[in-house]
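Inside the fold
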Amino acid sequence: MIHEILKMGDPRLLRVAKPVERFGTPELRVLIADMFETMHAANGVGLAAPQIGVDLQLVIFGFDRNERYPDAPAVPRTILLNPTLTPLSDAREEGWEGCLSVPGLRGVVERWSSIRYTGFDPDGVPIDRIAEGFHARVVQHECDHLIGKLYPMRITDFSRFGFAEVLFPGLELADD
């Protein structure tokens, strides 16, 4: 089932999500399937449970190719519960971000260049991965939703924040 994606300004997006306590349940599997259906319908690269009003530490992400980020390399399809992120160095990099909860806008955000992320899959099996570049950016962006942060809260230079159709004319970003 496709869910409504909450938009910036909705106070539910500012809450801190609760850890998932029960793995492998039918309800969890339905929620994850619904999240993927919702993400794909919106042409997203990731989605956090709080974006559909569910206060759980659950994010999904991954794609082979995405029209919203045509130059981005593929990111492995991942279901990540109760994540922990650890930067692997002090190196940070800037990059353009958009968000399904902030439609029509893009901004430059500084993120850790490489991270280690840990957590669990839907059955409670541990996940422990290293990510760099756009993969690391996507994970950090989605996990921010679990602590009530939207990417505009991380922008430091608002001269590089604006409407996608103005910043990137000709690029199909209607639902960005």
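Residues numbered from 1 in each chain as written. Predicted model: local features only at pLDDT ≥ 70, side-chain atom pairs only at ≥ 80, totals over all residues. Heavy atoms only, no water.

Turning to the packing of aromatic side chains, a few remarks are in order. Enumeration over the complete set of coordinates arrives at 7 aromatic pairs. Ring centres of Phe23 and Phe120 lie 5.5 Å apart, and the angle between their planes is 55 degrees; on these two criteria the pair is classed as tilted. Here Phe120 lies in strand β6 (residues 114–120) and Phe23 lies in the segment before α1 (26–41), a separation of 97 residues in the sequence. Residue class for Phe23 comes out partly exposed when judged on its relative accessible area of 28%. (Phe/Tyr/Trp six-rings, centres within 6.5 Å; stacked < 30°, edge-to-face > 60°. Helix = DSSP H or I, 4+ residues; strand = E, 2+ residues; numbered from the N terminus. Buried < 20%, exposed > 50% of the residue type's maximum accessible area, 1.4 Å probe, protein only.)

This part is about the pattern of salt bridges. Inspection of the entire model under this criterion finds 11 salt bridges. Notably, a salt bridge pairs Arg92 with Glu110, separated by 2.8 Å at the nearest N-O pair. You can see Arg92 sitting in strand β4 (residues 92–99) and its partner Glu110 sitting in strand β5 (residues 102–112), a full 18 residues away along the chain. A salt bridge links Asp128 to Arg116, with the nearest nitrogen and oxygen atoms 2.4 Å apart. Of this pair, Asp128 sits in strand β7 (residues 126–132) while Arg116 is found in strand β6, placing the two residues 12 residues apart along the sequence. Residue Arg116 is classed as partly exposed on the basis of its relative accessible area of 36%. Through salt bridges that share partners, Glu97, Arg111, Arg137, Asp144 and Arg154 make up one connected network. (Salt bridge = Lys/Arg side-chain N within 4 Å of Asp/Glu carboxyl O.)

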